[in-house]
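Each chain, written out:
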Amino acid sequence: MRTLTYYIGTTIDGFIADPDGGVEFFDPYVLPELVEHFKAEHPEVLPTHLHEPLGLGEFEPKRFDTIIQGRTTYDAAYRFGITSPFAHLRQYVVTRSLEASPDPAVELVAGDVVAKVRELKAEEGGLGIYLAGGADLAGQLADEIDEFVVKTYPIFAGDGVPMSRAGFAPRGLELTGVKVLDMGAVISSYARKR
């Protein structure tokens, strides 16, 4: 069975965006060391339009062949005219407001997102599924997430959009890896205890 991985960047107090949904305050921390980590360990999480500027070039997917993201996450690229931000992956956007996909490579999910994820996870072969957020979608899929990869930036925000809006229901995790970058970010991996 394929796995669903919530791969997300957060402040040390658990916020993935400012109260209005902006993420620009993370920009000063996207340093060469972090970019090199992405390229080496998780190249699939880098949007396709950044591959050439970052010198990524062609690569074989390591962990993911599919992405599922919420409408707000998708809009971060769409507002700049990028209709297929992860063209190197099979793309799904969960939305109740878009009636037609702006790109033939992007499939919209308007119905039961849990059922769709279970369908994707049940597919034979293939790599994992990258859950790119945000908080509402992570909340809806909380019980389907198999792995968390959390990039914790050395920022205390005080308020903002949380990692998830799943509601209080403790779910046990097992720490499977930690990498500390010189620039102060900590990348932690956790697997669900099932």
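Here we summarise the structure given alongside this text. (Residues numbered from 1 in each chain as written. Predicted model: local features only at pLDDT ≥ 70, side-chain atom pairs only at ≥ 80, totals over all residues. Heavy atoms only, no water.)

Overall, the coordinates contain 14 salt bridges when judged by the stated rule. For Lys116, the salt bridge is made with Glu107, and the minimal N-O distance between the two is 3.4 Å. Residue classification places Glu107 among the partly exposed residues on the basis of a relative accessible area of 38%. (Salt bridge = Lys/Arg side-chain N within 4 Å of Asp/Glu carboxyl O. Buried < 20%, exposed > 50% of the residue type's maximum accessible area, 1.4 Å probe, protein only.)

Before going further, it helps to examine helix H1 (residues 32-41). For H1, the full list of buried residues reads Leu34, Val35, His37, Phe38 and Lys39. Its buried side turned inward, H1 meets strand S1 (4-10), strand S7 (147-152), strand S9 (173-180) and strand S10 (186-192). (Helix = DSSP H or I, 4+ residues; strand = E, 2+ residues; numbered from the N terminus. Contact = heavy atoms within 4.5 Å.)

The next point concerns the packing of aromatic side chains. In the structure shown here, the tally under the stated rule is nine aromatic pairs. With centroids separated by 5.5 Å and ring planes inclined at 20°, the aromatic side chains of Tyr74 and Tyr78 adopt a geometry described as stacked. In this pair, Tyr74 and Tyr78 both sit in helix H2 (residues 71-78), four residues apart, roughly one turn of the helix. Tyr78 gets classed as partly exposed once you look at its relative accessible area, which sits at 31%. One aromatic cluster in this structure is built from Tyr7, Phe38, Phe64, Phe86 and Tyr130. (Phe/Tyr/Trp six-rings, centres within 6.5 Å; stacked < 30°, edge-to-face > 60°.)

What follows is about a nonpolar patch on the surface. A contiguous nonpolar patch, built from Leu175, Val178 and Val180 and spanning about 290 Å² of accessible area, is present on the exposed surface. As for its placement among the helices and strands, Val180 is situated in strand S9. A relative accessible area of 59% means that Val180 is categorised as exposed. (Patch = residues over 30% accessible without salt bridge, like charges linked within 9 Å, V, L, I, M, F, W, Y side chains within 5 Å. Areas by Shrake-Rupley, 256 points an atom, 1.4 Å probe, with all protein chains shown as cover.)

Soluble, globular proteins show a tendency: their nonpolar side chains are buried together. In this structure, Leu4, Tyr6, Ile68, Val113, Leu131, Leu137 and Leu141 are the most contacted members of the largest nonpolar core, which totals 23 residues. Of all the secondary structure elements, the ones that give two or more residues to this core are S1, strand S2 (15-17), strand S4 (90-94), helix H3 (113-121), strand S6 (128-131), helix H4 (135-140) and S7. For this core, the element with the most residues is H3, which contributes four residues. Dropping the residues within four chain positions of it, Leu4 is found in contact with Ile68, Val117, Lys121, Ile129, Leu131, Leu141, Glu144, Ile145, Asp146 and Glu147. (Core = buried A, V, L, I, M, F, W, Y, C linked by side-chain atoms within 4.5 Å.)

What follows concerns the side chain of Lys121. For Lys121, the position within the fold is in helix H3. Judged by relative accessible area, Lys121 falls into the buried class, the value being 5%. Once residues within four sequence positions are removed from consideration, Lys121 is found in contact with Met1, Arg2, Leu4, Ile129, Glu144, Asp146 and Arg194.

Distances and angles like these do not, on their own, reveal function.
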